[in-house]
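Breakdown of the fold
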Amino acid sequence: MSAELAEVIVTLPVPGRYHYVVPPHMAGRARVGSRVLVPFGTRKVTGVVVQGTSAPPEGKELAALSELLDADEPALPNELLDLCLWVAEYYEAPAGEALKAALPAGSGIAARQVVGLTAAGRAAVNGEGEVVGPKQRAVLEGLVSGARPVAGMTEATRKMIEALRERGLVEEVEQRDAARARLKRERVVALAAGVEVAAVREALARASKRLTVFEQIVAAAGELPVAELDATAVRELAKAGYVVVREREAALEAAAIGDGMIVSAPPELMPEQAAAVGAITESMAVPPEKFTPFLLHGVTGSGKTEVYLRVIAESLARGKTAVVLVPEISLTPQLAARFRARFGDQVAILHSGLTEKQRLGEWSRLRRGEARIAVGARSAVFAPVSDIGVIVVDEEHDGSFKQDEGVRYHARDVALVRAQRAGAICVLGSATPSLESFAQAERGNYRRLVLTQRPTARPMPEVQIVDLRVHMADGEAMLSAPLRVAIGEALAAGDQVILFLNRRGFSTFVLCKACGYSFRCKHCSVSMTYHRFSDRLDCHYCGYWERVPGACPECKGKDTIVRKGLGTEKVAATVAAEFPAARVARLDRDVASGAKVEGVLAKVARREVDILVGTQMVTKGHDFPGVTLVGVLCADTGLSLPDFRASERTFQLLAQVAGRAGRGDRPGRVIVQTYRPTAHAVVAAAAHDYESFFRAESDARAELAYPPHGRLIAVRIDGPDAGVVAKTAERLAALAAAVTKRPEIVGVEVLGPVAAPLEKLRGRTRWQIWLRGADRVALRRVARSVIGAETAGSVRVSLDVDPMSAL
């Protein structure tokens, strides 16, 4: 009888599948989707069992699975496993990396073979045992401080280790790196299969203690924790064959969210909200023949979240589950709290603000069906829920849904595919939809639902554009006279103010006024930013920092170093000085992350902050009724970036931050300061006119066949040696150009090679090649020919399918 085999994908950035023998004690238990520990080279790593698609290599002795890591049920259900494999194929990434993205962080296990000293070996080192030569002694002394991994040893060292092992001086053992996040397990008891309850009751008539426990188990109609029962009685019942005892993951409490929120009755829907809910729920009841996602296009503050809540309630009523994706849930605790207030512990929260153990706990609650709604950021698209009824992508335009390292997937697009495969509804919501999504609605592929009004007839805020060429702003806080007056009026009325500047730090560049020397990061091609609170220069890309020296490193001049430019830190300090009675707070990455973000936002909600100064973190869907004034200090920050999406991002940021004003009973006002008052992104955002912006931007992109009128794949090349990277990029571009001349390849253009706008990052020089075309299949053929080419070992080549950034 031939041995049972398992096909496994290891959760590493390596291609291919590997075959292993299933040991007898795992037979029938190593199911598709289960995590296993497998030998891989000189170590052991976590892998996932997949459906067999290939025959094992002939004539090769196969290793056996080392351990089954999922004792209860497979970690990945078939539907989710298939989705991961699709992600790997579409985004041209190793399947193991895609599977890793779907598993909770910190839950993987690895092991490696290490060599350590035996007692005899330690005696030899101390000169008390066997006599060894000088080279062997050196090896033994190298092991005194601890075992060394076998991997990486030279051939000569391995031979010497083998000789020492034969003499009993060293031993080779397995060293395991335990999972960083593990859940407690508990023993549970349930009725044994086929047990006649009446017969057992009769048999236990004179054993009152055992009968009482037996009745508790019967009443549970499922499993009960042994810890809640009399352990002796349970043991005797199991011995008699009346019940069975097993281990499972312990039940968990839902992760806490902020300060909580009072449960309130759902508000009465506005007519447009009711129409949107009706259209979506009708699609649930009578699914259309063709999968048609909904684009919920509602102005800021129009009540899109309430639409989501009603639709999800309908999904739950039909016995289905739901997934809700938000850009950065740690920045929107209000939204998470609203879901928990409406649905209680049926909501599981998945985001980076939780510890790895908390995230694993929430993931486990979803997998076991204890929670039926997953709310989280990008990776929540892989939530282990079954029977999905609806997937919601809130703020679908947000760039944070695109992963920029490893598997470069876009969570919005993966959500669309998952919903289609699951027969579920997908709702994309935004006040400023991406051009791609709006174009799909224009073509009839998405169904657009509009919300043009705010509840209680609150008008959209009035927007005033201030031309900085006319109204000169001061250099310390970037406040023009109109904005300074407006801040004073808002504070006098007891209202709150938000000031937006998409630059953090105190001074955005530091230089020597004598010789012009500029302080730049040693590892990245960017200027260092000065932060006064830490009194140092920081690189916002790689984390490198240094102190500001007393003299110029170039000309040695003293008292010649000046700090120029401004960021949120300087603005907050200057505003606090100008308005001393106002309580000023900052919201940026330097002062707020995780729970600290919630703390700042909670203070604003409680009216304990008068002026909030922040980066784009203040543009996320916050709802502060007390804010009546929003000031955009410089709308031009992102307009001139060398990126075809620069204008779109600027429009979205301006429209979103403007939407924070006037959400209460008092009307809102927005002042946008700019040096380019006629830029279409600025004018359209000020007029709350999405459609005019879409027409102009779509026409501009059509001329260059950029999305949504064409497809792109970016080939990114990076390495430590600038010359080698440049030559590799030139060679790969030539190869791509040659492939495009094949008769089966039509309409693919090769743009580049060119150095990336951010040419150096974390010590690696970066170049890129862009492939442009309308035919996705042809594009992929060219891209795969490039990625399959041989390159120098230090050079890394990766593909970015549907790139979101050119930087």
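As shown above, the structure is provided for reference.
Residues numbered from 1 in each chain as written. Predicted model: local features only at pLDDT ≥ 70, side-chain atom pairs only at ≥ 80, totals over all residues. Heavy atoms only, no water.

1. Examining the packing of helix 14 (residues 435–442) against helix 20 (residues 690–702)
Selection criterion: Here the axes come from fitting lines to C-alpha atoms, over the contacting stretch only for helices, and the angles between their N-to-C directions go from 0 to 180 degrees. Runs of H or I in DSSP of at least four residues are treated as helices and runs of E of at least two as strands, each being numbered from the N terminus. Oblique is the label for any angle not covered by the other classes, which are roughly parallel (under 35 degrees), roughly antiparallel (over 145) and roughly perpendicular (65 to 115). Every residue pair with non-hydrogen atoms within 4.5 Å of one another is taken to be in contact. Ten residue types, Ala, Val, Leu, Ile, Met, Phe, Trp, Tyr, Cys and Pro, are classed as nonpolar, four, Asp, Glu, Lys and Arg, as charged, and the remainder, Gly among them, as polar.
As a packed pair, helix 14 and helix 20 sit with axes 11 Å apart at the nearest point and diverge in direction by 100°. Taken together, the axes of helix 14 and helix 20 are roughly perpendicular relative to one another. For the pair helix 14 and helix 20, the contacting residues are Leu435, Phe438, Ala439 and Glu442 in the first and Tyr690, Glu691, Phe693, Phe694, Arg695, Glu697, Ser698 and Arg701 in the second. Here the residues of the contact of helix 14 with helix 20 are counted per class, giving six nonpolar, one polar and five charged.

2. Quick look at the environment of Leu325
We count it as follows: Only protein chains enter the calculation, and the probe is 1.4 Å; a residue is then buried if its accessible area is under 20% of its type maximum, exposed if over 50%, and partly exposed in between.
Along the chain, the position of Leu325 falls in strand 13 (residues 321–325). Classification of Leu325 as buried rests on a relative accessible area of 0%. With residues near it in sequence (within four places) discarded, Leu325 still touches Gly376, Ala377, Arg378, Ala380, Val381, Val392, Val393, Asp394, Phe401, Ala411 and Ala415.

3. Examining the pattern of salt bridges
Our working rule: Any carboxyl oxygen of Asp or Glu within 4 Å of a side-chain nitrogen of Lys or Arg constitutes a salt bridge here.
In this structure the tally under the stated criterion is 43 salt bridges. Among the salt bridges present, the one from Arg469 reaches Asp467, with a minimum N-O distance of 2.9 Å. On the basis of relative accessible area, Asp467 is assigned to the buried category, the value being 15%. Within the structure, one salt-bridge network assembled from shared partners comprises Glu436, Arg645, Glu648, Glu697 and Arg701.

4. Some remarks on the sheet that holds strand 19 (residues 462–467)
In any sheet, the strands associate via hydrogen bonds between backbone groups, in a parallel or an antiparallel arrangement. To keep things clear, this is the line we draw: Note: two strands are recorded as paired if DSSP finds a minimum of 2 bridges between them.
The parallel open sheet is built from six strands, whose spatial order is 19-29-28-20-27-26. Both edges of this open sheet fall to strand 19 and strand 26 (584–587), since each of them pairs with a single strand only. Across the sheet, the axes of successive neighbouring strands diverge by a mean angle of 20°, strand direction being ignored. Where helix 15 (residues 481–492) meets the sheet, its contacts fall on strand 19, strand 20 (496–500), strand 27 (611–614), strand 28 (627–632) and strand 29 (669–674), and the angle it forms with strand 29 comes to roughly 160°. Against the sheet, helix 18 (residues 646–658) touches strand 20, strand 28 and strand 29, its axis set at about 155° to strand 28.

5. Observations concerning the sheet that holds strand 14 (residues 347–350)
Strand order in the open sheet formed by seven strands is 14-15-13-16-17-12-18, with parallel pairing between adjacent strands. Either end of the sheet is taken by a strand with one partner, and the two such strands are strand 14 and strand 18 (447–451). Between one strand axis and the next, the sheet turns by 15° as a mean value, whatever way the strands run. Bridge count for strand 16 (residues 388–394) against strand 17 (residues 425–430) is five bridges, and the pairing is parallel. Looking at the pairing, Ile391 lines up with Cys426 of strand 17. Taken strand by strand, helix 9 (residues 271–285) contacts strand 12 (294–298), strand 16, strand 17 and strand 18, and its axis lies near 155° from that of strand 18.

6. Things to note about the packing of aromatic side chains
For clarity, the cut-off: Stacked, tilted and edge-to-face are the three classes assigned to paired rings of Phe, Tyr and Trp, where Trp is represented by its six-membered ring and a pair needs centres within 6.5 Å; plane angles under 30 degrees give stacked, over 60 edge-to-face, the rest tilted.
Across all of its chains, the model carries twelve aromatic pairs by this definition. For the pair Tyr517 and Phe519, a centre-to-centre distance of 5.1 Å together with 85° between the ring planes defines the contact as edge-to-face. Taking relative accessible area as the criterion, Tyr517 reaches 26% and is therefore assigned partly exposed. Following the ring pairs from residue to residue traces out a cluster consisting of Phe438, Phe651, Tyr690, Phe693 and Phe694.

7. Digging into the nonpolar core
Our working definition: In this text, buried Ala, Val, Leu, Ile, Met, Phe, Trp, Tyr and Cys residues form a nonpolar core when linked through side-chain atoms within 4.5 Å.
Counting 113 residues, the largest nonpolar core has Val87, Leu325, Phe382, Tyr409, Val414, Leu612 and Leu771 as its most contacted members. In terms of residues, this core owes the most to one element, helix 1 (residues 78–90), which gives eight residues. Leu296, Val307, Leu309 and Val427 belong to the second largest nonpolar core, which has 31 residues in total.

8. Quick look at the side chain of Arg412
Using the following cut-off: For the purposes of these results, a polar contact is taken to be a pair of N or O atoms within 3.5 Å, where, inside protein, one atom must be able to donate a hydrogen and its partner to accept one; residues adjacent in sequence count only when each atom of the pair is a side-chain atom.
Inspection of the secondary structure puts Arg412 in helix 13 (residues 411–422). Residue classification places Arg412 among the buried positions, given a relative accessible area of 7%. Here the side chain of Arg412 touches Glu396 through a polar contact of 3.2 Å, side chain to side chain. Here the side chain of Arg412 touches Asp413 through a polar contact of 3.0 Å, side chain to side chain. Those residues in contact with Arg412 that lie beyond four places of it in its chain are Val393, Glu396, Phe401, Leu428, Ser434 and Ser437.

9. As for the state of the cysteines
Using the following cut-off: In plain terms, two cysteine sulfur atoms within 2.5 Å form what is called a disulfide here.
If you walk through the whole model with that rule in mind, you get zero disulfides. Cysteine Cys84 shares no disulfide, and the gap to the nearest cysteine sulfur, in Cys426, comes to 17 Å. In this structure Cys84 comes out as buried when scored by relative accessible area, which is 1%. Cys524 takes part in no disulfide bond, and the closest cysteine sulfur, belonging to Cys542, lies 3.8 Å away.

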